[in-house]
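The residues making up each chain are set out below.
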Amino acid sequence: MWQQLYMKGRAKGRASPTAFELTMHRALLVNDIVHTILQNVTLSTTDVINFASTCSALSFPALNILWCAQGNLGPLIMCLPQDTWEVGDDNLIHLSREPLPTEWERVRLNASRIRILRQLIRKPGGTHSKCPPRPHSRVLHRLFALFPPTSLFPNLHKLVFEAVSDLQEFSPDFLLLRQFLSPGLEELTFFLPSGIPVHEVEQLVDTLTAQASGLRQLLISAAYGVPCQLGLRLNKMQKLNLLAIPRNVCLTRQSVTDIGRLRSLQVLALTLNGESSILEDSRLGDTPLELNALKCLVLVARRLQPCTSFLLRVITPQLSSIDIKYVAYAAPAEVAEFVLSLHMPCQSFASLGEISVQRRSSHLHQDLDLDLRSPLPSHLFRPLLKFRRLTIVKFIAMGNYCLDDAFIEDAAVAWPDIRELWFASQETDTCTVTFSAMLSLASRCRSLRVLHLTFDATQRPTLPNSDDTPDGQQNFWIEQTALQRLYVGHSRVLKTSFAPFILAVVFPNLVDISSYQTPGTSDDITWQEVAEGLRRLKNFRERDPITIAQLPHVIQYMLKRNFPFHVTPIGM
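This one's a predicted model, so the numbers in the text were calculated from it and none came from an experiment.

Rules and cut-offs
Residues numbered from 1 in each chain as written. Predicted model: local features only at pLDDT ≥ 70, side-chain atom pairs only at ≥ 80, totals over all residues. Heavy atoms only, no water. Helix = DSSP H or I, 4+ residues; strand = E, 2+ residues; numbered from the N terminus. Buried < 20%, exposed > 50% of the residue type's maximum accessible area, 1.4 Å probe, protein only. Areas by Shrake-Rupley, 256 points an atom, 1.4 Å probe, with all protein chains shown as cover. Core = buried A, V, L, I, M, F, W, Y, C linked by side-chain atoms within 4.5 Å. Contact = heavy atoms within 4.5 Å. Pairing = 2+ DSSP bridges. Axes fitted to C-alpha atoms, helices over the stretch in contact; angles between N-to-C directions. Parallel < 35°, antiparallel > 145°, perpendicular 65-115°, else oblique. Nonpolar A, V, L, I, M, F, W, Y, C, P; charged D, E, K, R; others polar. Phe/Tyr/Trp six-rings, centres within 6.5 Å; stacked < 30°, edge-to-face > 60°. Lys NZ or Arg CZ within 6 Å of the ring centre and 35° of its normal.

Enquirer: An account of the overall build of the chain is needed here, citing residue identities and associated values.
Expert: The secondary structure content of the chain amounts to 20 helices and 26 strands. By the burial criterion, 51% of the 572 residues in the chain qualify as buried. On the chain, roughly 26,800 Å² of surface is accessible, and the fraction owed to carbon and sulfur atoms is 52%.

Below you can see the structure in the form of structure tokens.
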């Protein structure tokens, strides 16, 4: 297909117009109109190729769109005549002969059209034959010896360096990155390979701040197990609106302090390990970071405490999303301090819409101190109820949550627009939340789509009070059509009950019920039976909707008459 494009798209600079150009509508001679048309055919490469091959007047804008974003430089090398290159068994492109200077000209022309170089997402289990071929490093060095990257790609504004050279270990190919840096580059993502010398990192940082002064987005990560510390001169990168140092790379103290100078910063992702995690240092504690434009904050650390210290330093009146990931267990006192620290950056309580806190287990950091695994009661999380615009709340694997009905009921009032609520624990816990409280929460939060909560479903639920129903009388739970996934964690449930009937009526679009596998108990098997009963009821609804329509009244009658919870309303 690429060869077809290259051969058909060469119409350029003809002395006289073609017959098609003489007869086509004049509107197609207006660049803006042609560009608008092409925006509607870019999903089909074949259509754009056909469009580009019609005439020279249409080929240039079509070729610009086709070449605008590339996943690697293979297609560029394949612009050369076919007898100059070949694809080896390693799926790498090799030169079979030295191309002539005039043959390189087509490569240079199409390279000037590239604005974005980004790495293609590889499918799991993909083979070499399924991935687009990439140029061998010798081919890249030959190309850049003829045409330095800054002159070869004059319009490049976004670079994911792995699209040029995908390296896990340091090699001379990585040094090519410095040749791509220019004032016109706005977005840069690169990976520091293992084995990279310290002086190379320092030289890269110096070159980055000196030659890529126009950067607006910068993302740097490193190989696992090879932590790297960077001293970025952020005071010279005033245009940054996204700074992400998410994995195995951390900033020095001074670089962290300089973040406060980034007045346009909207997204910040940091790893708080090493020197930069000592944020309580007296030299820095009196210097708050005012990030008035920041909307999204991501912090990664081994312990939760450095994240708390960082939050106590920042002032972010527009912050809408917080994502925290850490490894070691946090004691209840640390969790309480962290929750309270959220009040510092979000003093108005009006902007925060999403919060996610996840402890990621690691065999390298096995924390066996049982005191750190103490229960996490409801009162630790109550300060979050002041944030009335939360739509996503996730607390994952932090410990043994011990929530109660009062907190769940208050959460339903405080977060009416909640879409996802997670209190997910990988430990077997003894939760005091009742089935009634879970039903009340999920039915009152009309936008709730995903709920992960441990509760006790062994007791007969209580019908809602009159204050919770529209007609002011004891009624049934209000039907909630948004909930699709219910993760019950270590919830207990009777082997035979009409729990699936209640769930099917209150949540008609519920499609997934999942529980943890708990050794020594049968609750996981019972919940599988509940999920199977839910699927049967869904099929039954399609076969006999009239009977299903009476089910709420039947269940309501059984609950009012105190029927045993293990009695089922209808047979399936």
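Enquirer: Tell me what's going on with the nonpolar core, and back it up with residues and numbers.
Expert: Judged by nonpolar contacts, the single largest core of 151 residues is most densely connected at Leu-218, Leu-232, Leu-243, Phe-381, Trp-415 and Leu-503. Broken down by element, the residue count for this core peaks at 7 residues, all from helix α18 (residues 499-506). Leave out the neighbours within four places in its chain, and Leu-218 touches Leu-188, Phe-190, Leu-208, Leu-232, Met-237, Leu-240, Leu-242, Leu-243 and Ala-244.

Enquirer: Tell me about the side chain of Thr-308, residues and numbers included.
Expert: Of note, Thr-308 is situated in helix α14 (residues 304-313). Dropping the residues within four chain positions of it, Thr-308 is found in contact with Glu-337, Phe-338 and Ser-341.

Enquirer: Tell me about the sheet that holds strand β5 (residues 134-135), and please be specific about residues and values.
Expert: Strand order across the open sheet formed by 3 strands is β2-β3-β5, with mixed pairing between neighbours. Here the strands that pair on one side only, and so sit at the sheet edges, are β2 (85-87) and β5. By the bridge criterion, 3 bridges tie β2 to strand β3 (residues 92-95) in an arrangement that is antiparallel. Its bridge partner lying in β3, Val-87 is registered against Ile-93. Contacts from helix α8 (residues 137-146) reach β3 and β5, with the element oriented near 55 degrees to β3.

Enquirer: Could you give me a rundown of the packing of helix α16 (residues 405-414) against helix α17 (residues 435-444), with the residues and numbers involved?
Expert: In contact at an axis separation of 9 Å, α16 and α17 are set at 5 degrees when each is read in the N-to-C sense. By the criterion of interaxial angle, the relationship of α16 to α17 is roughly parallel. Contacts from Asp-405, Ile-408, Glu-409, Ala-411, Ala-412 and Val-413 of α16 reach α17 at Ala-437, Ser-440, Leu-441 and Arg-444. Counted by class, the contact of α16 with α17 contains 6 nonpolar, 1 polar and 3 charged residues.

Enquirer: Residues and numbers for the packing of aromatic side chains, please.
Expert: On inspection of all chains with the given rule, the structure shows 13 aromatic pairs. With 6.2 Å between their ring centres and 90 degrees between their planes, Phe-161 and Phe-174 make a pair best called edge-to-face. Linking Phe-161 in the loop between β6 (158-160) and α10 (177-180) with Phe-174 in the loop between β6 and α10, this pair joins segments that are 13 residues apart in sequence. Phe-174 carries the same exposure label as Phe-161, and that label is buried. Plain terms: the ring middles of Phe-381 and Phe-423 are 5.3 Å apart, the flat faces sit at 80 degrees to each other, and that makes the pair edge-to-face. Of this pair, Phe-381 sits in the loop between β18 (375-377) and β19 (392-396) while Phe-423 sits in strand β21 (residues 420-424); the two residues are 42 residues apart in sequence, bridging distant segments of the chain. Of the two residues, Phe-381 and Phe-423, neither departs from the other in class, the shared state being buried. Connected via pairs of aromatic rings, a cluster forms that spans Phe-144, Phe-153, Phe-161, Phe-174 and Phe-180. The ring centre of Tyr-329 lies 3.9 Å from the NZ or CZ of Arg-359, which sits over that ring.

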